[in-house]
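A closer look at the structure
The residues making up each chain are set out below.
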Amino acid sequence: MASVTLSGINKWYGGVVHAVQDVSFKIEDGEFFGLLGPSGSGKTSVLRMLAGLERPSSGTIAFDGVSVERQTPQARNVAMVFEQNALYPHMTARQNISYPLKIRGLSKSEIDSKVGEVADMLNIRHLIDRRAAQMSGGQQQRVAIARALVRRPNLLCLDEPIAHLDTLLRARLRGELKRLQRSLGTTSVIVTHDPIEAMTMTDRIAVMRDGLMQQIGTADEIYNRPVNAFVAQFFGLHSMNVFEVTDIQEAPVLSGKCGGEAARLPDSVKPHLTGADRSLSIGARPAMISVFPKGEAPTGSDVLNISGRVYVAEQLGDSILVTVQAGDATIQAMTPPDRHFAIDQPVDLVVREEALYIFEGQGKATVRHGASQSGLAPTSLASAHA
Ligand code: ADP
Ligand code: MG
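Residues numbered from 1 in each chain as written. Chains lettered and ligands numbered in written order. Predicted model: local features only at pLDDT ≥ 70, side-chain atom pairs only at ≥ 80, totals over all residues. Heavy atoms only, no water.

**Some remarks on the overall build of the protein chain**
When you go through the protein chain residue by residue, the secondary structure sums to 10 helices and 21 strands. For the protein chain, the C-alpha atoms occupy an extent of roughly 85 × 45 × 35 Å along the three principal directions. Within the protein chain, the fraction of its 386 residues that count as buried is 50%. Of all intrachain contacts in the protein chain linking residues separated by at least 6 positions in sequence, the fraction that spans at least 24 positions is 65%. As displayed, the protein chain offers around 17200 Å² of accessible surface, 50% of which is attributable to carbon and sulfur atoms. Considering the protein chain, the positive charge centre built from 39 side chains and the negative charge centre built from 40 side chains are found 8 Å apart. (Helix = DSSP H or I, 4+ residues; strand = E, 2+ residues; numbered from the N terminus. Buried < 20%, exposed > 50% of the residue type's maximum accessible area, 1.4 Å probe, protein only. Contact = heavy atoms within 4.5 Å. Areas by Shrake-Rupley, 256 points an atom, 1.4 Å probe, with all protein chains shown as cover. Lys, Arg positive; Asp, Glu negative; His and termini not counted. Charge placed at Lys NZ, Arg CZ, Asp CG, Glu CD.)

Okay, here's the thing in C-alpha cells:
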C-alpha cells in the first residue's frame, strides 16, 4: 500500500493533443479515489501514468514520497483491471489468478492458499476450475479483479471495470468492490464516466474536463458545493438545472427572463447582479423545484417563479420527473409520485431562494451555493398546496 502524489502532470500525444493539463493531487494510503469525467477528459491517461504504462510529458509522480517515474508497473507493484478484461480465455479462473504468482516464483502451496483466499473474497470459488471463455461478463470481471488483487499490489488501478455490465450486476459489483477495498485497505483508483459509480464507491473524487482538473472532494462536497456549472450539471443522478436569467428589472418586483419567459426572482440574488447587462446564471437541483398548475403557485420575495409548459412527465416509481419548457429553457423538477401532469399543461415552477446556486456569467464559477438538500424541505411548498 502506498500514498500517491502527482504534481504538475502534463501529457501530450504527438505534440498536438494536450490530454492532461497541469494536474496535481494526492491519494492517501488506503484511500479509494475516483477519477470522474466525460469521455475524452483525460482520465485513462492519468491512470496509465500512475500505473507506469505511459510517461508524463512533464511533472512528477511519487509513491510514499519516492519518485517512480522511471519505474515499470512491476517495480511500482501496480495492478490493473480494464473495462475489457485481459484474461487468458483458454485458462481456468485458477490458472488466470495464479499466473502473477507463478511468474514471481511462489510455491504451489503458497499459490493455492492465496488463490483460495482471493476467490472467497470475490465469491468465485465455485468457478475456479472453469475456463474464462465459459464465464459471463460479470464472472470474468470478478476473476480479473481477483488476479489483480492476489499479489497485494501497492496500488490498484481500475479503468471502467464494470461499465459494460448490466444495471443490476453493476449495482451489486459496486457494493462488493467497495467492501473489498475497505477490508483490504489497498490504495485504489477507479476511472469512471458515471457519477453514481464514483459517488457510491470512493472516498474522494477528482472531476476532470478536457484534460483539466475541475474539483477534488468527497461526493458530498462536490454535490453540495460544485465549483462551477459544469460540475454542478455533471455530478449527481439528475443534472442540476442551470439557466441564464436576462433582462433583469428591479421594479415593481425583482424579475427577469428565463428562456424568454417572465421569471420572478428572489430579492437575495440582488447582490450578485454584476456587469453592465446584469444577467445571471442560476442553478437548482430537480428535487428542489416544485411544480404547480398555472396560477396556483406561491409567490414572494424569497422564491423564484418561472412559468412554462410540461414537455413530458416521467414516472420513476418513487417520484415523477417533470420536464418543463420555459420559452427556450428546459427545466426538470422532481415531484411526489401522486401528482399528475399532462403534456403541454401550463405550470408554474417554484424554487425557494435557499436552494438556488448562482454562477458568474462567463467563467461560470459558483458565486453562491444553495443550502444542502438534507435539512431543506422542498416538498413543503407542494404539500402546503396539496
Ligand atoms: P478518458 O479516459 O477520459 O476518456 P483519455 O485519457 O483516454 O480520456 O483521452 C484523453 C484525450 O487524449 C482524448 O482526446 C484522446 O483522444 C486522446 N488520446 C488518448 N490516448 C491517445 C493516444 N495514444 N494518442 C493520441 N491521442 C490520445
Ligand atoms: Mg478512458
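**Details of the layout of surface pockets**
The volume enclosed by the largest pocket comes to roughly 500 Å³. Listing elements by their share of the lining of the largest pocket, those giving two or more residues are helix H2 (73–76), strand S6 (78–81), helix H3 (93–102) and helix H5 (137–149). (1 Å grid on protein atoms, 1.4 Å probe; cavity = no way out; pocket = protein on both sides within 12 Å on 5 of 7 lines; lining within 4 Å. Points joined across faces, edges and corners; volume = space filled by probe spheres on them.)

**Some words on the pairing of strand S1 (residues 4–13)**
As judged from the 5 bridges shared by S1 and strand S4 (residues 58–63), these two strands associate in the antiparallel manner. Opposite Thr5, over in S4, you have Ala62 as the bridge partner. Summarising the sheet, S1 and strand S2 (residues 17–27) pair through 7 bridges and their orientation is antiparallel. Bridge assignment links Thr5 to a residue of S2, and that residue is Lys26. Linkage of S1 to S2, two consecutive antiparallel strands, is achieved through a turn of 3 residues, within which Gly14 is found at a positive phi near 60°. (Pairing = 2+ DSSP bridges.)

**Remarks on the pairing of strand S8 (residues 187–192)**
In terms of burial, S8 is largely enclosed, as 6 of its 6 residues are buried. Burial along S8 is two-sided: Thr187, Val189 and Val191 and Ser188, Ile190 and Thr192, pointing in opposite directions, are all buried. Of the pairings in the sheet, the one linking strand S3 (residues 32–36) to S8 comprises 5 bridges and is parallel in character. Residue Leu36 lies in a different strand from S8, and its bridge partner there is Thr192.

**Side note on helix H4 (residues 108–121)**
Under the 1.5 Å per step criterion, the end-to-end length of H4 is 20 Å for 14 residues, consistent within 8% with the ideal 20 Å. Among all positions in H4, only Ile111, Val115, Gly116, Val118 and Ala119 are buried. Looking at the buried side of H4, the elements it contacts are H3 and H5. Looking one or two residues beyond H4, the residue adopting positive phi is Asn123, at roughly 55°. (Expected span 1.5 Å × (residues − 1).)

**Description of the site of ligand 1**
Inspection of the region around ligand 1 gives Tyr13, Val17, Ala19, Pro38, Ser39, Gly40, Ser41, Gly42, Lys43, Thr44 and Ser45 as its neighbouring residues. Within the side chain of Lys43, a nitrogen or oxygen atom sits 2.8 Å from an oxygen atom of ligand 1. At 2.8 Å, a side-chain N or O of Thr44 approaches an oxygen atom of ligand 1. Computed on the free molecule, ligand 1 has an accessible area of 560 Å², of which 57% lies beneath the protein chains in the complex. Counting residues per element, the ones that place at least two in the shell around ligand 1 are S2 and helix H1 (43–51). In terms of residue count, H1 provides more of the shell around ligand 1 than any other element does, 3 residues in total. (Near = heavy atom within 4 Å. Polar contact = N/O pair within 3.5 Å; in protein donor to acceptor, adjacent residues only side chain to side chain.)

**Looking at the sheet that holds S8**
On the basis of which strands lie adjacent, the open sheet formed by 6 strands has the order S6-S7-S8-S3-S9-S10 and mixed pairing. Pairing within the sheet leaves two strands with one partner each, and these edge strands are S6 and strand S10 (212–217). Shown here is a sheet whose adjacent strand axes are inclined to one another by a mean of 15°, direction ignored. Direction of pairing for S6 relative to strand S7 (residues 155–159): parallel, over a ladder of 4 bridges. Each residue of the ladder has a partner; that of Ala79, found in S7, is Leu156. (Axes fitted to C-alpha atoms, helices over the stretch in contact; angles between N-to-C directions.)

**Structural notes on unusual backbone geometry**
For the bond running from Ala251 to Pro252, omega is 0°, close enough to zero to count as cis. Mapped onto the elements, Pro252 comes out in the loop between strand S11 (241–249) and strand S12 (255–258). In this model, Asp64 sits at a positive phi of 50°, which is unusual for a non-glycine residue. Considering the arrangement of structural elements, one finds Asp64 in the loop between S4 and strand S5 (66–67). Backbone geometry places Asn77, a non-glycine residue, at a positive phi of 55°. With respect to the secondary-structure elements, Asn77 resides in the loop between H2 and S6. Accessibility expressed as a relative area gives 14% for Asn77, which makes it buried.

**Things to note about the domain arrangement of the protein chain**
The assigned domain composition of the protein chain is domain 1 (4–226) and domain 2 (234–385). A straight line from the C-alpha centre of domain 1 to that of domain 2 covers 39 Å. Each partner contributes to the interface: domain 1 provides 15 residues, whereas domain 2 provides 12 residues. Buried area between domain 1 and domain 2, summed over both chains or domains, comes out near 1100 Å², and the portion from carbon and sulfur atoms is 70%. At the boundary of domain 1 and domain 2, one finds 0 salt bridges. Counting the contacts that link domain 1 with domain 2 gives 3 residue pairs in polar contact (both at pLDDT 80 or more). Where the side of domain 1 that touches domain 2 is concerned, the elements lending two or more residues are helix H7 (195–201), strand S9 (204–209) and helix H8 (219–224). (Domains from an automatic or database assignment. Buried area = accessible area lost by both parts, 1.4 Å probe. Salt bridge = Lys/Arg side-chain N within 4 Å of Asp/Glu carboxyl O.)

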